[in-house]
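Listed here are the chains, written in short residue letters.
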Amino acid sequence: MSTLEEHIDVGVPIDTVWDSLHRVEDYPRFVEGVREVRTEAGGRAFLSVEASGRVRELEAELSDRSGEHVMEWQTTGAPDLIGSFSLQPIDENRTRVQARLEYDPGTMREALGGPKGFAQANAIERLVRSDLEHFKECVEQGR
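Residues numbered from 1 in each chain as written. Predicted model: local features only at pLDDT ≥ 70, side-chain atom pairs only at ≥ 80, totals over all residues. Heavy atoms only, no water.

Asks: Is there a simple way to think about the sheet that holds strand β1 (residues 2–10) in this case?
Replies: What links the strands of a sheet is backbone hydrogen bonding, and the strands pair in either a parallel or an antiparallel sense. With antiparallel pairing, seven strands are arranged side by side in an open sheet as β1-β7-β6-β5-β4-β3-β2. Of all strands in the sheet, those bounded by a partner on one side alone are β1 and β2 (34–40). Averaged over all pairs of adjacent strands, the angle between their axes in this sheet comes to 20°, without regard to strand direction. Two strands pair when backbone bridges link them, and strand β4 (residues 54–65) and strand β5 (residues 70–75) are joined in this way by six bridges, in the antiparallel orientation. Looking at β5, one finds that L62 is bridged to W73. Across the face of the sheet, helix α1 (residues 14–21) comes into contact with β1, β4, β5, β6 (81–91) and β7 (94–103) while running at roughly 160° to β6. (Pairing = 2+ DSSP bridges. Helix = DSSP H or I, 4+ residues; strand = E, 2+ residues; numbered from the N terminus. Axes fitted to C-alpha atoms, helices over the stretch in contact; angles between N-to-C directions. Contact = heavy atoms within 4.5 Å.)

Shown next as structure tokens:
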């Protein structure tokens with residue numbers, strides 16, 4: 001498994017960021033390739049994702065450690081992805097969002113296409129960084 005960690009500082013209080021992360025139906029606004037998300041009871045989310053010209057359905061289980069401001073997720077089928085968002089207050093009006101993604105490069109390529117090897121790692125890093133920037137923009141603008 002490869003691990004990617006990225007963070008971004010957002011100019012809103014931690015509770016605002018926490019609430020925004022939990023509105024998974026809004027993810028298509030800031031997560032590249034996510035076309036639709038629907039949630040079900042029991043912490044399940046179903047995502048329609050477009051990558052390399054293909055649309056793919058993914059199911060993920062979500063869990064919280066709300067006292068620690070950590071939201072974790074894991075796909076229930078291929079591709080096997082594990083991730084988390086951890087929030088840390090910087091001060092009363094700023095929050096650091098730490099994103100962590102664990103993935104198998106070969107499985108990612110088979111399931112979603114794209115480049116191989118080092119190019120794939122760079123592409124995923126750029127995508128996560130871009131998604132965090134879009135998330136910041138949406139949260140700070142109150143969307």
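Asks: Even after reading the chapter, I still don't get the packing of aromatic side chains, so can you show me in this structure?
Replies: Two aromatic rings, taken as a pair, are described by how far apart their centres are and by the angle between their planes. One pass over the structure, following the stated rule, counts two aromatic pairs. Seen from their ring centres, Y27 and F30 are 5.2 Å apart, and the 50° between their planes marks the pair as tilted. Under the relative-accessibility criterion, F30 is labelled buried at 10%. Considering the side-chain rings of F30 and F135, the 5.0 Å spacing of their centres and the 65° angle between planes classify their relative orientation as edge-to-face. Highlighted residues: F30 in the loop between α1 and β2 and F135 in helix α3 (residues 117–140), separated in sequence by 105 residues. Taken together, Y27, F30 and F135 form an aromatic cluster joined through their ring pairs. (Phe/Tyr/Trp six-rings, centres within 6.5 Å; stacked < 30°, edge-to-face > 60°. Buried < 20%, exposed > 50% of the residue type's maximum accessible area, 1.4 Å probe, protein only.)

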